[in-house]
Amino acid sequence: MGELYRCDWASTADRRRFESIVGELIAPGFESRLGWRWGGQWRNGGEELRALRESLEHDFEHFTFDLSGLESADRRVVAAGDFHGTARVSQFDVGGSFRHTWTFAGGLATGVRD
């Protein structure tokens, strides 16, 4: 899972790597709730992660996550760190912290939320 955070989510060069990781990581019925992106609503399927990556690719020259830690307990993994990006048109730099809680069953991710 840490490999997903090592991709540049806005890079066309990392697109295949991202797709490969998501294809191996996501279980059927995967649910995501990333509030800043979807208004706090649950969304189903790995397609939502792909749509997020495509949006970032469109708007940013680069968008990376600096993973500072992965904590595992039971069937949950918490990924935390900082994100950084540079907007394509304005060249404005953005950044902040993130904390994503992933749930797993049978070795595959069944959900993620912030």
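Keep in mind that this is a model prediction, so the values were computed, not measured.

Conventions adopted
- Residues numbered from 1 in each chain as written.
- Predicted model: local features only at pLDDT ≥ 70, side-chain atom pairs only at ≥ 80, totals over all residues.
- Heavy atoms only, no water.
- Helix = DSSP H or I, 4+ residues; strand = E, 2+ residues; numbered from the N terminus.
- Buried < 20%, exposed > 50% of the residue type's maximum accessible area, 1.4 Å probe, protein only.
- Contact = heavy atoms within 4.5 Å.
- Areas by Shrake-Rupley, 256 points an atom, 1.4 Å probe, with all protein chains shown as cover.
- Expected span 1.5 Å × (residues − 1).
- Arc of directions from axis to C-beta.
- Phe/Tyr/Trp six-rings, centres within 6.5 Å; stacked < 30°, edge-to-face > 60°.
- Lys NZ or Arg CZ within 6 Å of the ring centre and 35° of its normal.
- Polar contact = N/O pair within 3.5 Å; in protein donor to acceptor, adjacent residues only side chain to side chain.

Asks: Where do I start with the overall build of the protein chain in this structure?
Replies: On a plain count of helices and strands, the protein chain comes out with 4 helices and 6 strands. The order of α-helices and β-strands along the protein chain, N terminus first, is α-α-β-α-β-α-β-β-β-β. Looking at the protein chain residue by residue over its 114 residues, the buried ones come to 39%. Partitioning the intrachain contacts of the protein chain with sequence separation of at least 6 by distance along the chain shows that 50% fall at a separation of at least 24. Summing over all exposed atoms, the protein chain offers an accessible surface of approximately 6500 Å²; the carbon and sulfur share of this is 47%.

Asks: Please clarify how helix α4 (residues 47-59) should be interpreted in this entry.
Replies: Since the α-helix turns once every 3.6 residues, residues separated by three or four places project in the same direction. Here α4 spans 18 Å end to end across 13 residues, near enough to the 18 Å set by a 1.5 Å rise per residue. Those residues of α4 that sit buried are E48, L49, R50, L52, R53, L56 and E57.

Asks: Just checking my understanding: could you explain helix α2 (residues 15-25) for this structure?
Replies: Burial in α2 covers these residues: F18, I21, V22 and L25. One face of α2 carries all of its buried residues, which in axial projection span an arc of 95°. Seen from the buried face of α2, the exposed residues on the opposite side, beyond 90 degrees, are R16, G23 and E24. Lining the buried residues of α2 we find α1 (2-6), β1 (26-33), α4, β5 (93-105) and β6 (108-113).

Asks: Mind showing me how you'd approach the environment of R17 here?
Replies: Relative to the helices and strands, R17 resides in helix α2. On the basis of relative accessible area, R17 is assigned to the partly exposed category, the value being 32%. Along the backbone, R17 and E3 are 14 residues apart, and their C-alpha atoms lie at a distance of 9.1 Å. Apart from residues lying up to four places away in sequence, R17 is in contact with E3, R6 and C7.

Asks: Could you clarify how one ought to interpret the packing of aromatic side chains in this entry?
Replies: Aromatic ring pairs are defined here through the distance separating the ring centres and the angle between the ring planes. A complete count under the given rule lists 10 aromatic pairs for this structure. Judged by centre distance (5.5 Å) and plane angle (15°), the ring pair of F63 and F83 falls under stacked. Of this pair, F63 sits in strand β3 (residues 60-73) while F83 sits in strand β4 (residues 76-87), placing them 20 residues apart in sequence. Connected via pairs of aromatic rings, a cluster forms that spans Y5, W9, F18, F30, F60, F63, F65, F83, F98 and W102. Against the face of F18 rests R53, its NZ or CZ located 5.7 Å from the ring centre.

Asks: Help me understand the side chain of T86 in this model?
Replies: Here T86 lies in strand β4. Side chain to side chain, T86 and D93 meet in a polar contact 2.8 Å long. Each residue touching T86, except ones within four places of it in the same chain, is listed here: F60, E61, H62, Q91, F92 and D93.

Asks: Is there a simple way to explain unusual backbone geometry in this structure?
Replies: Most peptide bonds take the trans form, and the phi angle of most residues other than glycine is negative. In this structure, D74 takes a positive phi of about 55° despite not being glycine. Along the polypeptide, D74 turns up in the loop between β3 and β4. Not every positive phi belongs to a glycine, and Q91 is a case in point at roughly 65°. Take Q91: it is sitting in the loop between β4 and β5. A relative accessible area of 42% means that Q91 is categorised as partly exposed.

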